[in-house]
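Secondary and tertiary structure notes
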Amino acid sequence: MALAVLAPVLLLLGLAPAPVSAAQAQAGSAGVGARSWPEPVPVVSHVATDDPVVFITIDDGWHHDPAAQRLLLERQVPASLFLLPDAYAYDRSYFRTLLDHGPSRVENHSVSHPNLTGLDAAGQRAEICEARDRHLAAFGDGPRLLRPPFGAYDETTRTAARACGATALVTWTHDFTTWGEQPPPAPQLKRGDIVLLHFTPGLSQDLARALDAAEAAGLKPAKLRQYLAD
Ligand SMILES: [Zn+2]
């Protein structure tokens, strides 16, 4: 029973249980280390958990809507904010307020929002590590999670993420962002789902729909970083 519950988590971490001796296991992990260093971070589109939780994530950061800020603070939503440094360069206080008065955290979304798979290892590392450095300088807190722009990544992205201080590469389960006239249909949320939103003019409505969908499913927003720590 315990193993059945653990199996998805272990698979997620690339640690699938297998009937091998400790010595074999050690040799296996040494082999992984020899192939790629540092160890690639796990890729997460859904968190394997029995807790009644969902995860709210908000990308980019270009539009600083006061209504969305109010809603995040009034409901004390622990959102993961995957910000671009240039999107707060002209107004850091919008996000500073979210961090100081609520449980949200700033995470890594690269510097210039490229498709990382088009860059070599040095290029990927520059994008991810520079974003980490700028977040740290601006907010005094280094990001721990990477969301690659467009959700596009390769093996190099996973090792670059680790080298730049990330513990996981996070995509998403459901995108609640309204890009056109009509919002996308709200799916039935499940435990561990990761909701994608963006800092658009429609964020407060999109966030309200996501919170309503979570409540309808008996789920509460939780801190993604805590569920994906090493
Ligand atoms: Zn983005």
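Please read all numbers here as calculations on a predicted model, not as lab measurements. Counting restarts for each chain: residues are numbered from 1 in the order of the written sequence. Only residues with pLDDT of at least 70 get local features here, since the model is predicted, and only at 80 or more are side-chain atom pairs given and counted; chain-wide, interface and lining totals rely on the full set of residues. To get the side-chain values, all heavy atoms of the structure are used, and hydrogens and water are removed first.

**Some points on the overall build of the chain**
Scanning the chain from terminus to terminus reveals eight helices and nine strands. Relative to its full complement of 230 residues, the chain shows a buried share of 44%. A run of H or I in DSSP becomes a helix once it reaches four residues, and a run of E becomes a strand once it reaches two; helices and strands are each numbered from the N terminus. Only protein chains enter the accessibility calculation, which uses a 1.4 Å probe; a residue whose area is less than 20% of its type maximum is buried, one above 50% is exposed, and one in between is partly exposed.

**Description of the state of the cysteines**
The disulfide criterion used throughout: a pair of cysteine sulfur atoms within 2.5 Å. Overall, the coordinates contain one disulfide when judged by the stated rule. Put simply, cysteine 129 and cysteine 164 are joined by a disulfide, and their sulfur atoms are 2.0 Å apart. Here the S-S torsion is close to -95 degrees, and the disulfide linking cysteine 129 with cysteine 164 is therefore left-handed. In this pair, cysteine 129 is assigned in helix α5 (residues 121–139) and cysteine 164 in the loop between α6 (155–163) and β6 (168–170), connecting sequence segments 35 residues apart. Comparing cysteine 129 with cysteine 164, the two get one shared label, buried.

**Some thoughts on the side chain of threonine 200**
Along the chain, threonine 200 turns up in the loop between β8 (194–198) and α7 (203–216). Contact between two residues is taken to exist if any of their heavy atoms lie within 4.5 Å; hydrogens are not considered. The residues touching threonine 200, leaving out its near neighbours within four places in the chain, are His63, Thr177, Trp179 and Asp206.

**Describing α5**
Taking 1.5 Å per residue, 19 residues should reach 27 Å; α5 reaches 27 Å between its end C-alpha atoms and fits that length. Elements that come into contact with the buried residues of α5 comprise β3 (80–83), α4 (93–101), β4 (105–108), β5 (145–146) and α6. Looking one or two residues beyond α5, the residue adopting positive phi is glycine 140, at roughly 70 degrees. Expected span of a helix: the number of residues minus one, times 1.5 Å.

**Digging into the nonpolar core**
General note: in soluble globular proteins, nonpolar side chains tend to be found buried as a group. As used here, the term nonpolar core means buried Ala, Val, Leu, Ile, Met, Phe, Trp, Tyr and Cys residues forming a set that is joined through side-chain atoms within 4.5 Å. With 30 residues, the main nonpolar core has Ile56, Ile58, Leu81 and Phe95 as its most contacted residues. Per-element tally for this core: the top contributor is α7, with six residues. Ignoring any residue separated from it by four or fewer positions in sequence, one finds isoleucine 56 in contact with Val77, Pro78, Ala79, Ser80, Val195, Leu197, Leu207, Ala210, Leu211 and Pro221. If you look at the next biggest cluster of nonpolar residues, it comprises 12 residues, including Val44, Val53, Phe55 and Phe82.

**A word on the environment of lysine 223**
Secondary-structure assignment places lysine 223 in the loop between β9 (220–221) and α8 (224–227). If near-sequence neighbours (up to four positions away) are discounted, lysine 223 is found in contact with Phe55, Pro78 and Pro103.

**Considering the packing of aromatic side chains**
Only the six-membered ring of Trp is used, alongside the rings of Phe and Tyr, when aromatic pairs are assigned; centres must lie within 6.5 Å, and planes under 30 degrees apart are stacked while those over 60 apart are edge-to-face, with the rest tilted. Summed over all chains, the structure comprises five aromatic pairs. Plain terms: the ring middles of tyrosine 88 and phenylalanine 139 are 4.8 Å apart, the flat faces sit at 70 degrees to each other, and that makes the pair edge-to-face. With tyrosine 88 in the loop between β3 and α4 and phenylalanine 139 in helix α5, this pair connects stretches of sequence that are 51 residues apart. No difference in accessibility class separates tyrosine 88 from phenylalanine 139, as the two residues are buried.

**Here's the deal with the pattern of salt bridges**
When the charged atoms of two side chains lie near each other, side chains of opposite charge can form a pair. Every case where a carboxyl oxygen of Asp or Glu lies within 4 Å of a side-chain nitrogen of Lys or Arg is listed as a salt bridge. In the structure shown here, the tally under the stated rule is 10 salt bridges. Note that aspartate 59 is salt-bridged to arginine 147, the shortest N-O span being 2.8 Å. Pair noted here: aspartate 59 is in strand β2 (residues 53–60) and arginine 147 is in the loop between β5 and α6, with a separation of 88 residues, a long-range link. Judged on exposure class, the residue aspartate 59 and its partner arginine 147 are both buried. Aspartate 141 is paired through a salt bridge with arginine 225; the nearest N and O atoms lie 3.3 Å apart. You can see aspartate 141 sitting in the loop between α5 and β5 and its partner arginine 225 sitting in helix α8, a full 84 residues away along the chain. Since its relative accessible area comes to 26%, aspartate 141 is described here as partly exposed. Ionic contacts of the salt-bridge type, sharing partners, join the residues Asp86, Glu130 and Arg134 into one network.

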